[in-house]
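Take a look at the letters that make up each chain.
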Amino acid sequence: GAVVSQHPSWVICKSGTSVKIECRSLDFQATTMFWYRQFPKQSLMLMATSNEGSKATYEQGVEKDKFLINHASLTLSTLTVTSAHPEDSSFYICSAISQDTEAFFGQGTRLTVV
Amino acid sequence: DAKTTQPNSMESNEEEPVHLPCNHSTISGTDYIHWYRQLPSQGPEYVIHGLTSNVNNRMASLAIAEDRKSSTLILHRATLRDAAVYYCILSRGGATNKLIFGTGTLLAVQP
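Residues numbered from 1 in each chain as written. Chains lettered and ligands numbered in written order. Predicted model: local features only at pLDDT ≥ 70, side-chain atom pairs only at ≥ 80, totals over all residues. Heavy atoms only, no water.

S.K.: Can you walk me through the overall build of chain B in this structure?
M.R.: When helices and strands are tallied, chain B shows 0 helices and 9 strands. Scanning chain B from its N terminus toward the C terminus, one meets helices and strands in the order β-β-β-β-β-β-β-β-β. Taking 111 residues into account, the globule formula puts the C-alpha radius of gyration at 13 Å, and chain B, at 13 Å, falls close to it. When each of the 111 residues of chain B is scored for burial, the buried share is 43%. The long-range fraction of contacts in chain B, counting pairs at least 24 apart against all pairs at least 6 apart in sequence, stands at 58%. Split by element, the accessible area of chain B, about 5,600 Å² in all, is 48% carbon and sulfur. A gap of 8 Å separates the mean positions of the 9 positive and 10 negative side-chain charges of chain B. (Helix = DSSP H or I, 4+ residues; strand = E, 2+ residues; numbered from the N terminus. Rg over C-alpha atoms; globule rule 2.2 N^0.38 Å. Buried < 20%, exposed > 50% of the residue type's maximum accessible area, 1.4 Å probe, protein only. Contact = heavy atoms within 4.5 Å. Areas by Shrake-Rupley, 256 points an atom, 1.4 Å probe, with all protein chains shown as cover. Lys, Arg positive; Asp, Glu negative; His and termini not counted. Charge placed at Lys NZ, Arg CZ, Asp CG, Glu CD.)

S.K.: Just to check I follow, could you spell out the interface of chain A and chain B for this structure?
M.R.: Much of the literature gives interface size as the accessible area that the parts lose upon coming together. Taken together, the contact pairs 21 residues of chain A with 17 residues of chain B. Buried surface at the junction of chain A and chain B, both sides included, amounts to about 1,300 Å², of which 59% is carbon and sulfur. Remark: the boundary between chain A and chain B carries 1 salt bridge. In this structure, the salt-bridge partner of Glu59 of chain A is Lys98 of chain B, at a minimum N-O distance of 2.9 Å. Inspection of the region where chain A meets chain B yields 5 residue pairs in polar contact (both at pLDDT 80 or more). Mapped onto the side of chain A that touches chain B, the elements with two or more residues apiece are β4 (32-38), β5 (45-51) and β9 (90-97) of chain A. Each residue belonging to the side of chain A that touches chain B can be placed in one class, and the counts come to 9 nonpolar, 8 polar and 4 charged. (Buried area = accessible area lost by both parts, 1.4 Å probe. Salt bridge = Lys/Arg side-chain N within 4 Å of Asp/Glu carboxyl O. Polar contact = N/O pair within 3.5 Å; in protein donor to acceptor, adjacent residues only side chain to side chain. Nonpolar A, V, L, I, M, F, W, Y, C, P; charged D, E, K, R; others polar.)

S.K.: Explain the pattern of salt bridges here, please?
M.R.: Where charged atoms from two side chains of opposite charge approach closely, those side chains can pair. Residue and element names in this part refer to chain A. In total, this model carries 6 salt bridges over all chains according to the counting rule given. Taking the shortest distance from any N to any O, the salt bridge between Glu22 and Arg24 comes out at 3.5 Å. Judged by relative accessible area, Arg24 falls into the partly exposed class, the value being 35%. Between Lys66 and Asp88 there is a salt bridge, with the nearest N and O atoms lying 2.9 Å from each other. Taken together, the positions of Lys66 in the loop between β6 (57-58) and β7 (67-73) and Asp88 in the loop between β8 (76-81) and β9 put the pair 22 residues apart, joining distant regions of the chain.

S.K.: I'm lost on the packing of aromatic side chains in this one. Help?
M.R.: Centre-to-centre distance and the angle between the planes together describe a pair of aromatic rings. For the structure on display, the rule yields 9 aromatic pairs over all chains. Both rings, one in Tyr36 of chain A and one in Phe101 of chain B, keep their centres 5.5 Å apart while their planes meet at 90 degrees; by these two values the pair is edge-to-face. In this pair, Tyr36 of chain A sits in strand β4 while Phe101 of chain B sits in the loop between β8 (84-91) and β9 (105-110), so the two residues belong to two different chains. Plain terms: the ring middles of Tyr36 of chain B and Tyr46 of chain B are 5.7 Å apart, the flat faces sit at 75 degrees to each other, and that makes the pair edge-to-face. With Tyr36 of chain B in strand β3 (residues 32-38) and Tyr46 of chain B in strand β4 (residues 45-50), this pair connects stretches of sequence that are 10 residues apart. (Phe/Tyr/Trp six-rings, centres within 6.5 Å; stacked < 30°, edge-to-face > 60°.)

S.K.: I tried to follow the environment of Gly106 of chain A on my own but got confused; where do I start?
M.R.: Within the secondary structure layout, Gly106 of chain A lies in the loop between β10 (104-105) and β11 (109-113). In the structure, Gly106 of chain A is positioned 71 residues away from Trp35 of chain A in sequence and 9.9 Å away in space, judged by C-alpha atoms. Once residues lying within four places of it in the same chain are set aside, the contact partners of Gly106 of chain A are Val4, Gln6, Ile93 and Cys94 of chain A together with Gly43 of chain B.

S.K.: Would you mind showing me how to read the sheet that holds β9 of chain B here?
M.R.: Backbone hydrogen bonds are what pair the strands of a sheet, in a parallel or an antiparallel way. Residues and elements named next belong to chain B. Here 5 strands make up an open sheet; going across it, the order is β1-β9-β8-β3-β4 and the pairing mixed. The open sheet terminates on both sides in strands that have one partner only, identified here as β1 (9-13) and β4. In this sheet, neighbouring strand axes are inclined to one another by 25 degrees on average, regardless of whether the strands run parallel or antiparallel. Here β3 pairs with β8 via 7 bridges, running antiparallel. Counterpart to Tyr36 in the pairing with β8 is Tyr87. (Pairing = 2+ DSSP bridges. Axes fitted to C-alpha atoms, helices over the stretch in contact; angles between N-to-C directions.)

So this is what it looks like as structure tokens:
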């Protein structure tokens, strides 16, 4: 199957700083990418839908100014957690789709804010 | 989005078949049924999807009820590597729409 890669796999940052997570589709052009967040022992929660070259669509309750999403090319989307706080510590997962394919997920990024 | 209902957990023995049920009584005519699984500390992995007819692939089979209000994911011979959370998800409007995850079924496989 297609490969979606996230970087970094894990990151620790200080409270108040910003963290950028990259999501790349390595062998296909992703028309749409999705960002999810997952807290321990919970399911994935969709945060936003990102289409190349346009603004992301955020799910209800997700602060767009705190979670900045950029999708500048068909193979790269980035999620920036701005002014991170301990409650933002979570497992962040991206997925990518192309025309008529299933969704391919990245391996996830574990963010710890201290 | 239409809701799915799955058992919280199931157990199986290694090398035996596993039938994971999913109820989706409010499914609409254009909803696809997707199954993904997630191993600990990893992103979800695609398993199978279907619309009306039963589907088979190298990983599993998907049996869809005639009224489409329920479906069953079948792992023909469970292995220890199949231990994961299995999610049954409906996606409206086509095979590649956004996926809203429910709570899933935690499958334990005993040696």
